[in-house]
Amino acid sequence: MNIRTLCVNGLLAAMYIAVSMLIQPFGFTNIQFRISEMFNHLIVFNKKYVYGIVLGVFLTNLFFSPMVAYDLVFGVGQSVLSLLITIFSMRYIKNMWARMLVNTLVFTFTMFIIAFELHLAFDLPFFFTWLTTAVGEFIVMLVGAPIMAAINKRVQFNKLVG
């Protein structure tokens, strides 16, 4: 990894943490609107963003989660799994909007991992919790897609990391 990629991913992790901190109570409950999840769309532009996203999720869960041990396993695991599925799918999907849609659907579907975590930690009903966390993730990712696309026109995310 070159210095530029390392620095950009460090900044991405810091931005993920900062945005998560702003909405802290709504990022860890059974109704989640973790706005920083829109950064997951960066993977659509370049797979090297995986490092900053995962580091941001890890540090956010480490510093702010009320159930640190669970979130470090399940939360980080859900992000890694979703990002890897999206990276794999990018071999077959070339259109940016189609990639963002797949990424949104993958992250939404894999919220069953977070629902399972909340079921274990707080004995919340699994299917209802999956529904509520998935709806929150879907909304954030859906609203985040045009925001990230608009920023990309100015910043060109694919060229930021080498």
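Bear in mind that the values here come from a model prediction, so they are computed numbers and not experimental data.

## As for the overall build of the chain
Inference 1: Of the regular secondary structure elements, the chain holds 7 helices and 0 strands.
Inference 2: Secondary structure elements of the chain, listed N to C terminal, follow the sequence α-α-α-α-α-α-α.
Inference 3: Whereas a compact globule of 162 residues would reach a radius of gyration of roughly 15 Å, the chain reaches 15 Å, a difference of no more than 12%.
Inference 4: If one aligns the C-alpha atoms of the chain with their principal axes, the spans along those axes are about 45 × 30 × 25 Å.
Inference 5: Within the chain, buried positions represent 48% of all 162 residues.
Inference 6: Taking all contacts inside the chain whose residues are at least 6 apart in sequence as the whole, residues at least 24 apart take part in 72%.
Inference 7: Of the accessible surface of the chain, which amounts to about 8,200 Å², a share of 76% is contributed by carbon and sulfur atoms.
Inference 8: If you average the places of the 10 positive and of the 5 negative side-chain charges in the chain, the two averages end up 26 Å apart.

## Quick look at the packing of aromatic side chains
Inference 1: The final tally for this structure, using the stated rule, is 12 aromatic pairs.
Inference 2: Seen in terms of ring centroids, F45 and F157 are 5.2 Å apart; in terms of plane orientation they differ by 50°. Their pairing is tilted. Taken together, the residues F45 in the loop between α1 (3–22) and α2 (50–64) and F157 in helix α7 (residues 157–160) connect sequence positions 112 residues apart.
Inference 3: Here the aromatic cluster, defined as three or more aromatic residues joined through ring pairs, consists of F109, F112, F126, F127 and W130.

## Notes on unusual backbone geometry
Inference 1: At D123, a residue that is not glycine, the phi angle is positive and equals roughly 60°.
Inference 2: Within the element layout of this structure, D123 appears in the loop between α5 (111–122) and α6 (126–155).
Inference 3: Of note, the phi angle at Q156 is positive, near 60°, even though the residue is not glycine.
Inference 4: Looking at the secondary structure, you find Q156 in the loop between α6 and α7.

## Some thoughts on the UniProt feature "transmembrane region" (unreviewed entry) in the chain
Inference 1: Sites flagged by UniProt as "transmembrane region" (unreviewed entry) map to residues 6–28, 49–66, 72–93, 100–122 and 128–151.
Inference 2: Between the end C-alpha atoms of residues 49–66 there is a gap of 27 Å, over a span that is 83% helix and 0% strand.
Inference 3: Secondary structure across residues 72–93 comprises 82% helix and 0% strand; the distance between its end C-alpha atoms is 30 Å.

## Quick look at the packing of α2 against helix α3 (residues 68–89)
Inference 1: In the contact formed by α2 and α3, the axes pass within 9 Å of each other and the chain directions differ by 165°. Classified by the angle their axes make, α2 and α3 are roughly antiparallel. Like other packed secondary-structure pairs, α2 and α3 cross with a definite hand, here right-handed. Contacts from V50, I53, V54, V57, F58, N61 and L62 of α2 reach α3 at V68, D71, L72, G75, V76, S79, V80, L83 and I87.

Reading guide: rules and limits
- Residues numbered from 1 in each chain as written.
- Predicted model: local features only at pLDDT ≥ 70, side-chain atom pairs only at ≥ 80, totals over all residues.
- Heavy atoms only, no water.
- Helix = DSSP H or I, 4+ residues; strand = E, 2+ residues; numbered from the N terminus.
- Rg over C-alpha atoms; globule rule 2.2 N^0.38 Å.
- Buried < 20%, exposed > 50% of the residue type's maximum accessible area, 1.4 Å probe, protein only.
- Contact = heavy atoms within 4.5 Å.
- Areas by Shrake-Rupley, 256 points an atom, 1.4 Å probe, with all protein chains shown as cover.
- Lys, Arg positive; Asp, Glu negative; His and termini not counted.
- Charge placed at Lys NZ, Arg CZ, Asp CG, Glu CD.
- Phe/Tyr/Trp six-rings, centres within 6.5 Å; stacked < 30°, edge-to-face > 60°.
- UniProt positions renumbered as here; feature names shortened; annotations may be inferred.
- Axes fitted to C-alpha atoms, helices over the stretch in contact; angles between N-to-C directions.
- Parallel < 35°, antiparallel > 145°, perpendicular 65-115°, else oblique.
- Left-handed = near helix turned anticlockwise from the far one by under 90°.

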